[in-house]
Amino acid sequence: MYSPQRKDFVSLTLGDQHSRSYTNGKHRRQSCWRKWKQLSRLQRSLILFLLAFLFICGILSYPSLTEQWRGLSDRSLKEDWNEMDNRGLRPIPPGLVPKISPGVDPGVQDIPPEVMPEIQKPSIPLLPKPPAIRKPPSKRGPPVLQKRGNVSDWQVKDREEVTLKKDEDGGKEAKTVISWRGAMIEAEQGTELQSTAHGREGTVADAGEAADLKTVTVKPVDRVEAVLEAFRHAWKGYKAFAWGHDELKPISKTHGEWFGLGLTLIDALDTMWILGLKDEFAEARKWVETDLSFSKNVDVNLFESTIRILGGLLSTYHLSGDALFLDKAKDIGFRLMPAFKTPSKIPYSDVNIGKGTAHPPRWTTDSTVAEVTSIQLEFRELSRLTQDPQYQNAVEEVTRQVHRLEGKRDGLVPMFINTNSGKFTRRGAFTLGARADSYYEYLLKQWLQGGKKETELLEDYLQAIEGVKKNLLKQTSPSKLTFVGELSNGRLNPKMDHLVCFLPGTLALGAHNGLPADHMDLAVQLMETCHQMYAQMETGLSPEIAHFNLQSNNGRDIDVKPADRHNLLRPETVESLFYMYRFTKDSKYRDWGWDILQSFNKYTRVPSGGYTSIGNVRDPMNSAPRDKMESFFLGETLKYLFLLFSDDIELVSLDKYVFNTEAHPLPIWPSTS
Ligand code: DMJ
């Protein structure tokens, strides 16, 4: 404390008690000036020196202060983000989209500190940058150059930053590579990738080693491994948050129930077997043994439970030889039979598997044509295995009736059939998409299953394909993309569901089995179109429905309506790619499948486990996750991708098995003659 008695320093008093009650600014300025004039020269010099000293100190300490303030705001932002991330609500990180400027190492400068804090902190400003403004890509093709940084907020944590250092053989400059755990390796522009049996090779370091910048040998990108990794990631989410339930809701980290029968688990059983995931399979088997019960008062959809549950159990039985799965298949098969007790023997859509009752939907007595004609592979197989003909008789009665029904157009069927009259209703609309799709698929596949003897099935199939060519097939004006449109009261609507992308695979399967060669030509053309439905989207993922351009005055081939922009992780395109690759060995089909897997990893993968359907395939900055992983992602999509990349063509040979419409392989019956 300073004592007023001490005189060994200059006392400076700039105001007195009255100065608190100043009248206005002018008066204050005048009185200050007067006081200044009253000071001695020495006093004035000392004051000026003091002020100058304080000013210089202030200038020198400014950066460290701002640094601290920045550090503070950065830390609190990070804490907020971490907390939100834990709840799956993380906002799009500012500055997440890095800019790559020529001649500048793209990794180090532009990756935001949230992603790579240890390496980045010293060299970049600590406050996050605002999001970069991106122009939508004008070119076709999956957004190869957009990959860096086009990641949704809920996924950011899942990224690993890895750094490559100078190649020991002397060559490459140090580069930072963003890698998705195992499943995707992001190639630097200019980084060469080499082909391997399964895919491309790149160079990537382990994230743990990235921090100390050790040189590492880079693991090849094995596509089969990538599918295994994706499956494990999906399974991790299902196991953690939805075990024993129908579907994973990966973002809210909970489950959804449809039938309450562990749908995802059952759908995934044979995939785990085929992928060789023994531990996962064993856990799931245990659940089937101890927890799966069909003695439940629950309404199930006949078609969905047949293709997913009955089909899944039958194929798992065939692959594993484990009688547990056959017992369960018999149980569910028997419980579904009340659906066929209708006036026409055309089954109702819904069955209560606990009560043994069945009914149509509340608003109609119609059933969907695809639903009643795509349960035959499974029930026929159940009869063969049990030697009980009731299952086969029930479904073949449906086939017989549909075969002779009026109301088809050149072999094409309407979408609805009445369970009282047994007749087609709401005639006049024809599609290869929803409500009719697998009718066509099962004509061919039943013919194959039964050893190519049931000629009526073949005739119906061949006639239908001619009907497609005559009535539904069109080409876009800009690029001559072939697509299958829809017919409504004689008018063609140039729209195609993603569901129709099963058709190239089915056509190829037919051609492989001796059907006309032009089926294969059509398969090749449609496969290209289905590929373009992915490649032309900004996320590299197909919309649910595409509209095709028949006008020549507009450059785009594919248009997507706002209501159709979702992607449900559906399998049809990768399913067809699998068939096309098996029959042609053209590696482009593998490359297209690989692009799709990478896009799934980029836009639908949820960090804590699982993959999600998304709402907008056209917006890479906000793909609008829907918080649902459909069971067919594990049952079909990943299985077909695995088989597409596997070099083992004897793994589920297409000469020994037919896949049901949920990708569950059932054996082609051995010839009896
Ligand atoms: C699956 O349940 C089956 O593939 C079905 O035939 C159509 N819909 C889904 C997949 O998209």
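Placed above this text is the structure.
Residues numbered from 1 in each chain as written. Predicted model: local features only at pLDDT ≥ 70, side-chain atom pairs only at ≥ 80, totals over all residues. Heavy atoms only, no water.

Chemist: Explain the pattern of salt bridges to me, using residue names and the numbers behind them.
Modeler: As enumerated under the stated definition, the model contains 29 salt bridges in all. Where Arg 426 meets Asp 366, a salt bridge forms, and the shortest distance between an N and an O atom there is 3.0 Å. One end of the pair, Arg 426, is in the loop between β13 (424-425) and β14 (429-430); the other, Asp 366, is in strand β11 (residues 366-368), with 60 residues separating them in the sequence. A relative accessible area of 46% places Arg 426 in the partly exposed class. Looking at Asp 366, the relative accessible area reads 8%, which means it is buried. One salt bridge connects Asp 518 with Lys 469, and the closest N-O pair in it is separated by 2.7 Å. (Salt bridge = Lys/Arg side-chain N within 4 Å of Asp/Glu carboxyl O. Helix = DSSP H or I, 4+ residues; strand = E, 2+ residues; numbered from the N terminus. Buried < 20%, exposed > 50% of the residue type's maximum accessible area, 1.4 Å probe, protein only.)

Chemist: Can you lay out the packing of helix α14 (residues 437-449) against helix α15 (residues 455-471) for me, pointing to particular residues and giving the numbers?
Modeler: Each pair of packed helices can be described by the angle between their axes along with the distance between the axes. Orientation of α14 relative to α15, taken along the N-to-C sense of each, is 140°, at an axis distance of 8 Å. Classified by the interaxial angle, the pair formed by α14 and α15 is oblique. Where α14 crosses over α15, the two elements pack in a sense that is left-handed. When α14 is examined against α15, the residues Tyr 439, Tyr 440, Leu 443, Leu 444, Gln 446 and Trp 447 are found in contact with a partner set consisting of Leu 457, Leu 458, Asp 460, Tyr 461 and Ala 464. Classifying every residue of the contact of α14 with α15 by side-chain character gives nine nonpolar, one polar and one charged. (Axes fitted to C-alpha atoms, helices over the stretch in contact; angles between N-to-C directions. Parallel < 35°, antiparallel > 145°, perpendicular 65-115°, else oblique. Left-handed = near helix turned anticlockwise from the far one by under 90°. Contact = heavy atoms within 4.5 Å. Nonpolar A, V, L, I, M, F, W, Y, C, P; charged D, E, K, R; others polar.)

Chemist: An account of the site of the ligand is needed here, citing residue identities and associated values.
Modeler: Ile 307, Arg 308, Leu 499, Arg 570, Pro 571, Glu 572, Phe 632, Glu 636, Thr 661 and Glu 662 make up every residue found near the ligand. Interatomic distance of 3.4 Å between a side-chain N/O atom of Arg 308 and an oxygen atom of the ligand. Glu 572 places a polar side-chain atom, nitrogen or oxygen, 2.6 Å from an oxygen atom of the ligand. Taken by itself the ligand offers 290 Å² of open surface, and the protein chains cover 92% of this. Of the pockets mapped on this structure, the ligand occupies the largest pocket. At the level of secondary structure, the elements contributing two or more residues to the shell around the ligand comprise α9 (302-320) and α20 (631-645). A per-class count over the shell around the ligand returns four nonpolar, one polar and five charged. (Near = heavy atom within 4 Å. Polar contact = N/O pair within 3.5 Å; in protein donor to acceptor, adjacent residues only side chain to side chain. Areas by Shrake-Rupley, 256 points an atom, 1.4 Å probe, with all protein chains shown as cover. 1 Å grid on protein atoms, 1.4 Å probe; cavity = no way out; pocket = protein on both sides within 12 Å on 5 of 7 lines; lining within 4 Å. Sits in = over half its atoms within 2 Å of the grid points.)

Chemist: So what's going on with the layout of surface pockets? Residues and values would help.
Modeler: Taken as a whole, the largest pocket spans an internal volume of roughly 900 Å³. Forming the boundary of the largest pocket are 37 residues, of which Phe 303, Glu 304, Glu 371, Arg 435 and Leu 499 lie nearest the centre. Only α9, β11, α11 (369-372), α14, α18 (572-584) and α20 provide two or more residues apiece to the lining of the largest pocket. When residues in the lining of the largest pocket are grouped by element, the largest group, four residues, is from α9. Here the lining of the largest pocket is composed, by residue class, of 13 nonpolar, seven polar and 17 charged. (Points joined across faces, edges and corners; volume = space filled by probe spheres on them.)

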